[in-house]
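# Structural features, examined
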Amino acid sequence: MSDTPATTHDGRRFSGVVALDGPSGSGKSTVARALARALGARYLDTGAMYRAATAAVLRAGIDPSDSQAVADVVASAGIDISTNPDHTPVGVDGVDVTAEIRGPEVTAAVSAVSAVPEVRAQMVTRQRKLIGAGGIVVEGRDIASVVWPQAQLKVYLTASDEVRAARRAAELSGGSPVDDARAEVVRAELHRRDTLDRTRAASPAVRPDGSVELDTSGLDVAGVVAELLRLVRVGG
């Protein structure tokens, strides 16, 4: 999509930045894309950037616990990500890794890679360049607290552990039914990632100051987007 300011669903010019923070399974990606479409805005999935960085590390045969080697690989990696909410391919050094970054190997290593301070600094710089002049919905875990604290609207999406686990399991299975054993594995992985993200030294995951908390447990996508559009209008 163009980097020029977008037009909202009601015809007004949208040139701001909407920052959606929150833990995995809170609905960030789904509602961020839907909100971007409603606003005619660009969309940035910063989590996919960390996953792409992790894919680069694994492809290079680097141990994710080797912080310096990880930082060196990520610094030289060509990470390409689309800001079109209708088409979100991700590439690393010219290779499409859109499917690979959602696989179990990357999922298991992404917390370690994203916890490296040098990696976070590199990613934040890249993310700020992509945000640019605005007209974009950005989702991730530290958008409003670190990447773009001056965002027009800062929302912290949350949901119960059970709902988050069910959503992530459904996402990983492509919408197919998930048995209790698989759901429990996903719930344990979410808990592990939450703990790592809250306790990492570089940019620990927190609810940003000045953000609006929105519990999505009992809302469908349309309901969450409607509330976000109302907040955009109030803040706009």
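Residues numbered from 1 in each chain as written. Predicted model: local features only at pLDDT ≥ 70, side-chain atom pairs only at ≥ 80, totals over all residues. Heavy atoms only, no water.

## As for the overall build of the chain
As a reminder, the rule being used: Helix and strand definitions follow DSSP, with helices as H or I runs of at least four residues and strands as E runs of at least two, each counted in order from the N terminus. Throughout this description, buried means an accessible area under 20% of the type-specific maximum (1.4 Å probe, protein chains only), exposed means over 50%, and partly exposed covers the range between. Between two residues, a contact is recorded if the distance between any of their heavy atoms is within 4.5 Å. Method for areas: the Shrake-Rupley scheme with a 1.4 Å probe, in which residue coverage is limited to the protein chains shown.
Each helix and strand in the chain was counted, giving nine helices and 10 strands. Counting across all 236 residues of the chain, residues that qualify as buried make up 48%. Considering only contacts in the chain between residues 6 or more positions apart, those separated by 24 or more positions represent 75%. Total accessible area computed for the chain in this model is approximately 10,500 Å², and 54% of it derives from carbon and sulfur atoms.

## With respect to the sheet that holds strand S5 (residues 79-81)
Neighbouring strands of a sheet are bound in pairs by backbone hydrogen bonds; such pairs are parallel or else antiparallel. The line we're drawing: A pair of strands is treated as paired once DSSP finds two or more bridges between them. Each axis is a line fitted through C-alpha atoms, and for a helix only the stretch in contact is used; angles between axes span 0 to 180 degrees, taken between their N-to-C directions.
Judged by pairing direction, the sheet is antiparallel, and its three strands sit side by side in the order S5-S6-S7 without closing on themselves. Strand pairing shows two members of the sheet lacking a second neighbour, S5 and strand S7 (95-96), which therefore form its edges. Contacting S5, strand S6 (90-92) and S7, helix H2 (residues 46-59) crosses the sheet at an angle of about 145° to S5.

## Concerning the packing of helix H3 (residues 67-76) against helix H5 (residues 117-131)
When two helices pack together, their arrangement is given by the angle between the helix axes and the distance between those axes. Note the threshold: Working definition: roughly parallel below 35 degrees, roughly antiparallel above 145 degrees, roughly perpendicular at 65 to 115 degrees, and oblique for all remaining angles. Working rule for handedness: look at the near helix, and if it is turned counterclockwise from the far one by less than a right angle, call the crossing left-handed; if clockwise, right-handed. When residues are grouped by polarity, Ala, Val, Leu, Ile, Met, Phe, Trp, Tyr, Cys and Pro land in nonpolar, Asp, Glu, Lys and Arg in charged, and all others, Gly among them, in polar.
At a minimum axis distance of 9 Å, the contact between H3 and H5 shows a crossing angle of 20°. As the angle between them shows, H3 and H5 are arranged roughly parallel. When you trace H3 past H5, the crossing you get is left-handed. Here Val 70, Ala 71, Val 74 and Ala 75 of H3 lie close against H5, whose contacting residues are Glu 118, Val 119, Gln 122, Met 123 and Arg 126. Residues belonging to the contact of H3 with H5 are distributed by class as follows: six nonpolar, one polar and two charged.

## Let's talk about the layout of surface pockets
Put simply, the test is: Using a 1 Å grid laid over the protein atoms alone, points where a 1.4 Å probe fits but cannot get out form a cavity; open sets with protein on both sides within 12 Å along at least 5 of 7 lines form a pocket; any residue with an atom within 4 Å of a point counts as lining. Grid points are joined across faces, edges and corners, and a volume is the space filled by probe spheres set on the points.
The computed volume of the largest pocket comes to approximately 790 Å³. Surrounding the largest pocket, 42 residues form its lining, Ser 29, Asp 45, Arg 102, Glu 139 and Arg 168 being those nearest its centre. When residues of the lining of the largest pocket are traced back to their parent elements, those giving at least two are helix H1 (28-39), strand S4 (42-45), H2, helix H4 (104-114), helix H7 (161-172), helix H8 (180-199) and helix H9 (221-235). When its residues are assigned to classes, the lining of the largest pocket shows 12 nonpolar, 14 polar and 16 charged.

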